[in-house]
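Chain by chain, the residues run as shown.
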Amino acid sequence: MDDGAIWSVIVSQMPYLLTGLWIGIKLLAALLAVGLVLGLVIALMEVYGHWSLKVLGILFERVFRGIPAIVLLLLFYYGVGGYVELSSFAAAVLALGLRSTAYQSQIFRGAIQAVPQGQLVAARAMGMSMPRAIGEIVLPQALRHATGPWTNEFSSELKATSLAYVIGVVELTRQAKYIISNTQGNILLIFAVVGLLYFIVNWAGNRVLYRLEDRLAVPGFERRDAA
Amino acid sequence: MTSLLEVRDLHKRYGETEVLKGVSLALERGQSKVVMGPSGTGKSTLLRCINHLNPPDAGTVLLDGEELTARNLNAMRQQIGFVFQDFNLFTHLRALDNVRIGPMKILGTDRKEATELAMTELDRVGLADKADSYPAELSGGQQQRVSIARALAMQPKVILFDEPTSALDPELTGEVVSVMKQLASDGMTMLVVSHELGFARSAADEIVFMDGGHIIEQGPPDRLFTAPEHERTRSFLQVIAAHDHEGDGGTA
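Bear in mind the structure is a predicted one, so any value in this text is a computation, not a measurement.

Draft legend 1. Quick peek at the overall build of chain B. Along its length, chain B carries 9 helices and 10 strands. In terms of overall size, chain B behaves like a compact globule, its C-alpha atoms giving a radius of gyration of 18 Å where 252 residues would be expected to give roughly 18 Å. Overall, the C-alpha framework of chain B stretches about 55 × 45 × 35 Å when taken along its three principal axes. The buried share among the 252 residues of chain B stands at 55%. Pairs at least 24 apart in sequence give 67% of the contacts found in chain B among residues at least 6 apart. Accessible surface computed for chain B: about 10,500 Å², of which carbon and sulfur atoms make up 46%. Averaged over its 25 positive side-chain charges, chain B has a centre that lies 5 Å from the centre of its 36 negative ones.

Draft legend 2. Fine view of helix 5 (residues 117-125) of chain A. Residues and elements named next belong to chain A. Burial analysis of helix 5 places 8 of its 9 residues in the buried class, the great majority of the element. Burial in helix 5 covers these residues: Gly118, Gln119, Leu120, Val121, Ala122, Ala123, Arg124 and Ala125. After helix 5 finishes, the residue Gly127 shows a positive phi value of roughly 100°.

Draft legend 3. Here's a closer look at the side chain of B:Gln143. Here B:Gln143 lies in helix 5 (residues 140-153). Setting aside residues up to four positions removed in sequence, B:Gln143 forms contacts with B:Phe87, B:Leu89, B:Pro135 and B:Leu138.

Draft legend 4. Representation of the interface of chain A and chain B. Listed by partner, the interface residues are 21 residues for chain A and 23 residues for chain B. Considering only the surface of chain A that becomes buried against chain B, A:Ala125, A:Met126 and A:Pro219 emerge as the three largest contributors, covering 32% of it. Viewed at the interface, chain B and chain A are joined by 1 salt bridge. The partner of A:Glu136 in a salt bridge is B:Lys105, with the nearest N and O atoms 3.6 Å apart. For the interface between chain A and chain B, the tally reads 9 residue pairs in polar contact (both at pLDDT 80 or more). Counting residues per element, the ones that place at least two in the side of chain A that touches chain B are helix 5 and helix 6 (130-160) of chain A. When residues of the side of chain A that touches chain B are assigned to their parent elements, the largest contribution, 7 residues, is made by helix 5 of chain A. The residue inventory of the side of chain A that touches chain B, partitioned by class, reads 11 nonpolar, 6 polar and 4 charged.

Draft legend 5. Layout of the sheet that holds strand 4 (residues 58-63) of chain B. Residues and elements named next belong to chain B. Across the sheet, which stays open at both edges, the 4 strands sit in the order 2-1-4-5 with antiparallel pairing between neighbours. Two strands close off the open sheet at either side, each with one partner strand: strand 2 (17-27) and strand 5 (66-67). Both strand 4 and strand 5 contribute to a ladder of 2 bridges, which runs antiparallel. The residue of strand 5 that forms the bridge with Leu62 is Glu67. Sitting on the sheet, helix 1 (residues 43-50) touches strand 1 (5-14), strand 2 and strand 4, and the angle it makes with strand 1 is about 115°.

Draft legend 6. Region of the structure containing the packing of aromatic side chains. Within this structure, the stated rule accounts for 5 aromatic pairs over all chains. Relative to B:Phe84, the ring of B:Phe82 has its centre 4.7 Å away and its plane inclined at 45°; by these criteria the two rings are tilted. One exposure class covers both B:Phe82 and B:Phe84, and it is buried. The structure contains a cluster of three or more aromatic residues connected by ring pairs, namely A:Phe60, A:Phe64 and A:Phe76. Over the aromatic face of B:Phe90 sits the side chain of B:Arg150, whose NZ or CZ is 4.5 Å from the ring centroid. Across the ring face of B:Phe225, the terminal group of B:Arg201 is positioned such that the distance to the ring centre comes to 5.1 Å.

About the cut-offs
- Residues numbered from 1 in each chain as written.
- Chains lettered and ligands numbered in written order.
- Predicted model: local features only at pLDDT ≥ 70, side-chain atom pairs only at ≥ 80, totals over all residues.
- Heavy atoms only, no water.
- Helix = DSSP H or I, 4+ residues; strand = E, 2+ residues; numbered from the N terminus.
- Rg over C-alpha atoms; globule rule 2.2 N^0.38 Å.
- Buried < 20%, exposed > 50% of the residue type's maximum accessible area, 1.4 Å probe, protein only.
- Contact = heavy atoms within 4.5 Å.
- Areas by Shrake-Rupley, 256 points an atom, 1.4 Å probe, with all protein chains shown as cover.
- Lys, Arg positive; Asp, Glu negative; His and termini not counted.
- Charge placed at Lys NZ, Arg CZ, Asp CG, Glu CD.
- Buried area = accessible area lost by both parts, 1.4 Å probe.
- Salt bridge = Lys/Arg side-chain N within 4 Å of Asp/Glu carboxyl O.
- Polar contact = N/O pair within 3.5 Å; in protein donor to acceptor, adjacent residues only side chain to side chain.
- Nonpolar A, V, L, I, M, F, W, Y, C, P; charged D, E, K, R; others polar.
- Pairing = 2+ DSSP bridges.
- Axes fitted to C-alpha atoms, helices over the stretch in contact; angles between N-to-C directions.
- Phe/Tyr/Trp six-rings, centres within 6.5 Å; stacked < 30°, edge-to-face > 60°.
- Lys NZ or Arg CZ within 6 Å of the ring centre and 35° of its normal.

Read these as geometric descriptors, not functional statements.
Take a look at the structure:
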């Protein structure tokens, strides 16, 4: 195949790849959102909750960090999907989202514990209620500690969206497979483009998160590498 | 007439060690008392038991005749200022926000009024020009003064000071002590745990001497410093005075 044919394949197939990428990004946004909300709840339970809640949180964490992502995807799609109506996209959001919850809860727990105890004590001594002291004093500081590790989690999960391939979510990697079947061959070329697309989204996402980290930085909370 | 703050027979134990063995104390409106005594005697524990940061095992605390309980804790703490040894300013907030967060988020004062109040209190501790600084940009002495302004902004009935100058270099101690002296002469009711003789001699109405979880004796500084009743008090104050002289104490 000559060079012209290669380029025409890329150009003609690009809309499909971008559609796949868009599905992947939606999956990423949904699973990170699930992980953010539940991860924070579990972290707060583990730090401030009754011991039974701590045990529950740790158990959840161990289970979802201890099972491979692909196995979780299959379990949710074929297992849970066997009892309740679950699209492959929804199954992927649940499986990867709960897995991300486990990782994010660790990030947030560490970040909350990095806030000196005296901060909460000072707020409580003023007569602030516990929820308000956590919301006004502890979390704003903890979330600053968390942005760095969270950027890492963003990158991991972006790449993990490609695993949703196995349960038939038509995201970027599966689109690539379709294109390769339809155009007979071009394997190396198409996967190279797919790799580049993942790379670009990851790079852009990291840029945004670094900028966020800079904007949130106040004296005493500088980015470690900025010092 | 009831005392502003009344502490009755407080007991507190950590594991095997009984830190407070029945401490009673009363503070009248506008009075300032300094608690002194060897370390490990329960002075800080006493302060932390008063506002239930460490709830006492037994005994009662009455503020204006009302007893502190687990149910009215937040409402009562709003009227009891607390100044910490290591300041504990909110790291992510500018000085101004540190001072106005209490009125705004706890008392529900509107933003404009809280800002004015906060600026007044910052001015009172001589730091109006540092309103936009973050704690990390302030010296220890400045941080402690902001934390005093933070306590004042809640317009408390009494302020408890837990070794407010112990974490400071001698040259920074003076600026904090002079703010505290000013407060005392403005009629603020204060209970101060400190070995800072400058404040104790000139601003305290009474010195309370504690040892081994008990109050050994208390009285006006003149009497306690010159003619203490107990040998234990006398020898302790002698050591403190000698040390203060030697290090020049940084007293203003």
